[in-house]
Amino acid sequence: MISVTGVSKRFGDFQALDDVSLEVPEGSLTALLGPSGSGKSTLLRIVAGLEAPDAGDVVIDGRNQTGVPAQRREIGFVFQHYAAFKHMSVRENVAFGLKIRKRPKAEIAARVDELLGIVGLSGYQDRYPSQLSGGQRQRMALARALAVEPRVLLLDEPFGALDANVRADLRRWLRRLHEEVPVTTVIVTHDQEEAMEITDRIAVMHDGRIAQVGPPRELYEQPADDFVMSFLGPVSRLGEQLVRPHDLRITADARDGALEAMVTRVVHLGFEVRVELVLGDGASLAVQVTRGEAEALELRSGDIVWVASDRPAGEAFTALRSGGAPDAPLSV
Amino acid sequence: MSAERTTRYGLRTLALAYLGALLFVPVGLVLYRTFQPGIVEVWASITTPAAVHAFQLTMMVTLIAVPLNTVLGILAALVIVRGRFRGKAFLDMLIDLPFAISPIVVGLSLIFVYGRTGWFGSALANAGIQIIFSWPGIVLATIFVTLPFVVREVAPVLREVGTEQEQAAATLGASSWQTFRRVTLPAIRWGVAYGVVLSTARAIGEFGAVSVVSGHIAGQTETLTLLVEQRFQNFNIAGAYAASALLAVIALGTLLAMTLIKPRKEHA
């Protein structure tokens, strides 16, 4: 378990972290999600000991690690650009941490073989990093980090430098790996889909603070504020209200609370249909409907329709507030 | 033949002609002239007591100056690339000073500091230590003129390698020394090797600064380059050529050693 309390960090004039507190439960896979500059990587590097906080404490498994160098924190860290030891073979890379710990040779060899099997790199022992693809290098880096049986595994945008299709594969693979090797894991990402797909808990970061923490579905359905809502999925603005495009409903006739709008475009995306509208005041918004609904309404661009939210205004926010979450200490 | 090809071959010819006129012809001529009197004479000329001593002195000076500058050069490169402190740009500039200053000025400044009338001169003389007109002075002069090579070869490689591999090593439990020995040093090894080769070549070939501080005492403070000059001045042209050829062979050997140790297959 990792617990961070009151951590602040400033780089020159830039406040990277502002009094951040967070708890990561034992065995969980947690995402730090946010746009670039939100402080997520800085927080991860402070947990790792690669960066020192200006204030606050980092406790891992009940031991205060603030001020302890990275070398003695017993963590595994995976970098966006792999940080492979280029002059070492795959075997030597994975064995590095064990060699430093002066484990017997036979034990190291067995452990390296086991790990290369887990990450699917058996048979690549004698290759050099330059002879591996990006995805393979990152799997090697994961094996290297896991070799020393770290108390926590920290991943800094691990798939950020990879192609989209490799990234999707590795994401699923990481989730399976976590089920096999359930070490407490924190992954930094700016990709909400990645966070939603593989993690148990998401901490959304914004301007050096944690905006909200919770399971992916709770964040999606009950976002604490407009930032979390718009960061976790597509949104449309209807008057003062921010809503998900699939929570909007279109009708041919006027009804209470509905606004008049003109269809500007109908985009068929397989089962879903995205209807683009322009309101009377000139604002545009998108609505997501099923193919059946679109056909029943016989939508064509130029049609005049009525649009309203299925959910009462502010429902999402009030639901969360009644739970008291934003005022209570943030915990995952 | 297209105009582009004409230009390409033209440029190649020009480059080769330039190298030929300035490099191959003079060096080739030295070797040719050396062996003109015959191999026996050449051997005799480079095995006189003065020549053997000059060779030994040059080797000793090189073996002291180069390792020192290698260790300190790597440290200085680490400080310049990784350090965060005020005056870093100034230090960076200072490293290039030996390149900018004429070797003769280096020699003179050493005399000002360590000579008999210099700052530390009388104190050193009282302690029975002689630096100027003795081998320690030659070593100091050589260290000074070869100082920038390792730093200048290693610093850009360090910058290029970055700090991520070192951070990875730290998270895996490596101490600073283990990280340096197992990760940083292997990553910069070709930069270090190149710096060592250049330092060695310069240490063996240095004339100006050494000439000022040595005092030219045959059999005592005469290095190989000084021997060449002394023989040339005494109209012993054949002897001068023989000693020059020896210098050239050592230099070529150094370059060859580097080519041989360089990796066949570059790891990207």
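By convention here, each chain's residues receive numbers from 1 onward along its written sequence. Here chains are named by letter from A upward and ligands by number from 1 upward, in the order in which they appear as written. Only residues with pLDDT of 70 or above have their local features reported here, since the model is predicted, and side-chain atom pairs are shown and tallied only from 80 upward, although totals for entire chains, interfaces and linings are computed over all residues. Side-chain numbers come from the whole structure's heavy atoms, not from hydrogens or water.

1. Things to note about the domain arrangement of chain B
Residue and element names in this part refer to chain B. According to the domain assignment, chain B contains domain 1 (1-36) and domain 2 (38-267). Throughout, a residue-residue contact means that at least one pair of heavy atoms, one from each residue, lies within 4.5 Å. Across the contact, six residues belong to domain 1 and seven residues belong to domain 2. Buried area: the accessible surface (1.4 Å probe) lost by two parts on joining, summed over both. Buried surface at the junction of domain 1 and domain 2, both sides included, amounts to about 650 Å², of which 78% is carbon and sulfur. It is V30, T34 and F35 that lose the most area in domain 1 upon contact with domain 2, and together they represent 62% of the buried surface on that side. Salt bridge, as applied in this entry: a Lys or Arg side-chain nitrogen positioned within 4 Å of an Asp or Glu carboxyl oxygen. There are zero salt bridges connecting domain 1 and domain 2. Polar contacts, as counted here, are pairs of nitrogen or oxygen atoms within 3.5 Å of one another; within protein the pair requires one atom able to donate a hydrogen and one able to accept it, and residues that are adjacent in sequence qualify only if both atoms are side-chain atoms. The interface formed by domain 1 and domain 2 contains three residue pairs in polar contact (both at pLDDT 80 or more). For this scheme, ten residues count as nonpolar: Ala, Val, Leu, Ile, Met, Phe, Trp, Tyr, Cys and Pro. Four count as charged, namely Asp, Glu, Lys and Arg, and the remainder, Gly too, count as polar. When grouped by side-chain class, the residues that make up the side of domain 1 that touches domain 2 number three nonpolar, two polar and one charged. Start and end points for every domain follow an automatic or database-based domain assignment.

2. Looking at the side chain of B:S244
Only DSSP runs of H or I covering at least 4 residues are called helices, and only runs of E covering at least 2 are called strands; the numbering of each starts at the N terminus. With respect to the helices, strands and loops of the structure, B:S244 is situated in helix α13 (residues 237-261). Residues within four places of B:S244 in sequence aside, it is in contact with B:V30 and B:V228.

3. Quick notes on helix α8 (residues 135-161) of chain B
One turn of an α-helix holds 3.6 residues; hence residues three or four places apart share an orientation. Residues and elements named next belong to chain B. If you check α8, its first and last C-alpha atoms are 39 Å apart, about what 27 residues at 1.5 Å a residue would give, namely 39 Å. Considering bend angle alone, the principal kink of α8 is centred on T146 and spans about 40 degrees; proline P148 follows within four residues of it. Just past α8, the residue G162 takes up positive phi, approximately 75 degrees. Under the convention used throughout, the expected extent of a helix is 1.5 Å for every residue step, that is, one less than its residue count. A residue's bend is simply the angle between two axes: one fitted to the seven residues ending at it, one to the seven starting at it.

4. Re empty space enclosed by the protein
With a probe scaled to a water molecule rolled over the atoms, the places where space remains empty come into view. Residue and element names in this part refer to chain A. A cavity here means a set of points on a 1 Å grid, drawn over the protein atoms and nothing else, where a 1.4 Å probe fits but cannot get out; a pocket is an open set with protein on both sides within 12 Å along at least five of seven lines, and a residue lines either one if it has an atom within 4 Å of a point. Grid points are joined across faces, edges and corners, and a volume is the space filled by probe spheres set on the points. Enumeration over the complete set of coordinates arrives at four cavities of 30 Å³ or more. Estimated volume of the largest cavity: approximately 60 Å³. I2, V4, L22, V24, L32, L43, L44, V47, L154 and V186 are the residues that line the largest cavity. The biggest single contributor to the lining of the largest cavity is helix α1 (residues 40-48), with three residues. Of the residues assigned to the lining of the largest cavity, the class counts are 10 nonpolar, no polar and no charged.

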